[in-house]
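Overview (structure and organization)
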Amino acid sequence: METRIPLLSIEEEQLLFGPHDRNVKQVSRRFKVRFSSRGGTLRMQGPDDVVPILAGRVEGLLERIRSGKPQSPTDIANTLFGRDSSPFHTNGGNGHGNGNGNGHGNGNGQGDHSGDGNGLSSVLLSRNSRRGDGLPSARTKTQQVYLDLLAEKELVFSAGPAGTGKTFLAVAAAVRALRDGKVQRLVLTRPAVEAGEHLGFLPGDLEDKVDPYLRPLYDALNDLLSPSAARRMKDMDMIEVAPLAFMRGRTLNDSFVILDEAQNATKGQMKMFLTRLGERTRSVVTGDISQTDLPRGSSGLQDAMGRLRGMEGIGMVEFRSEDVQRSSLVQRIVVAYGDDD
């Protein structure tokens, strides 16, 4: 069996492998699992009953490293090998590692998370927690429906007011899929529509001009990872952030693709985007139809949700003002504006 786990820095590789690759040699000798790293990806090869457990331990270790918790060589060895040097030392049933069966073990008999670790919504992360600990938990029933759809459907549409977590939850699900090896690339895109402000005369090259449109996507990435980790993954072509117009003519395979602010995509642009989706690709389309900058009736998001509702493999969720989590003030503003354009 083989599994792959993306690494975000050389430091992560060095910590996992240990001084003079000591940990790698011990893993090979004790568990018959081969660790190798190439292009920022850790590859694990070995017996079918051992690799998933060691992968869970590695993921738990990486989560703690990325959350800023110092890990000594002893901590890392204890996490990888456990007290009895066996990957099967568990007291519980469902989780990875040598903890209580709930989540990834940390080498001292305690799990990092509660839950079975199988569903997207079972991993907890608050907006203010540090980088890379998993996905946010649902705060409303609609958010729970959204998380479930993200886990089950190939294509998910989410519409609703600002502050309901549409983009943040989608980016979190995409990062999780990328780290779990379910996809090879994360593609984030938005239509570059000017909401009354003219940015075309700003100085700089094309990237400088479109960057303001894409900044919210960078913010979500930085919130879930870290600026340095996001840059590294972008440099490795694991993350791409680009205007919607740049998607034309492409086929996106093995990717998790997010179209944000889709209310500003025309019907033609929406069709173009949806027909870019290739094999083993998941996609999320988010937007707030009440805030479209296009003429009435020309929003590609509204049109697509009407055309594709009920189609196999497609999920749709519509958020309401009660789902706003940004602040109580924003919630009251959304209610005051109602359905006004």
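These numbers come from a predicted model, not from an experiment. (Residues numbered from 1 in each chain as written. Predicted model: local features only at pLDDT ≥ 70, side-chain atom pairs only at ≥ 80, totals over all residues. Heavy atoms only, no water.)

Strand order in the open sheet formed by six strands is S6-S5-S7-S8-S4-S9, with parallel pairing between adjacent strands. In this open sheet, the two strands that pair with only one neighbour each are strand S6 (239-243) and strand S9 (314-318). On average, each strand axis in the sheet is inclined to that of its neighbour by 15°, with strand direction left out of account. In this structure, strand S4 (residues 155-159) lies alongside S9, joined through five bridges in parallel fashion. Directly across from Phe 157, in S9, lies its bridge partner Met 316. (Pairing = 2+ DSSP bridges. Helix = DSSP H or I, 4+ residues; strand = E, 2+ residues; numbered from the N terminus. Axes fitted to C-alpha atoms, helices over the stretch in contact; angles between N-to-C directions.)

This part takes up the sheet that holds strand S2 (residues 34-38). Read across the open sheet, the three strands follow the order S1-S3-S2; overall the sheet is antiparallel. With partners counted over all chains shown, the strands left at the sheet margins are strand S1 (2-6) and S2, one partner each. If you compare each strand with its neighbour and ignore which way they point, the axes differ by 20° on average. Set on the sheet, helix H3 (residues 51-66) makes contact with S1, S2 and strand S3 (41-45); between it and S1 the angle comes to about 5°. (Contact = heavy atoms within 4.5 Å.)

This brings us to helix H8 (residues 227-235). Of all the residues in H8, the buried ones are Ala 229, Ala 230 and Met 233. One side of H8 holds all its buried residues, which, seen down the axis, span an arc of 100°. Turned more than 90 degrees off the buried face of H8, the exposed positions are Arg 231 and Asp 235. Just downstream of H8, Asp 237 is the residue with a positive phi angle, here 65°. (Buried < 20%, exposed > 50% of the residue type's maximum accessible area, 1.4 Å probe, protein only. Arc of directions from axis to C-beta.)

The next point concerns the packing of helix H1 (residues 10-17) against helix H2 (residues 22-31). Helix-helix packing: each pair is described by the crossing angle between the helix axes and the interaxial distance. One can describe the packing of H1 onto H2 by two numbers: an axis separation of 5 Å at closest approach and a directional angle of 50°. What the angle tells us is that H1 and H2 run oblique. In contact with Leu 15, Leu 16 and Phe 17 of H1, H2 contributes Arg 22, Asn 23 and Val 24. Residues of the contact of H1 with H2, tallied by class, amount to four nonpolar, one polar and one charged. (Parallel < 35°, antiparallel > 145°, perpendicular 65-115°, else oblique. Nonpolar A, V, L, I, M, F, W, Y, C, P; charged D, E, K, R; others polar.)

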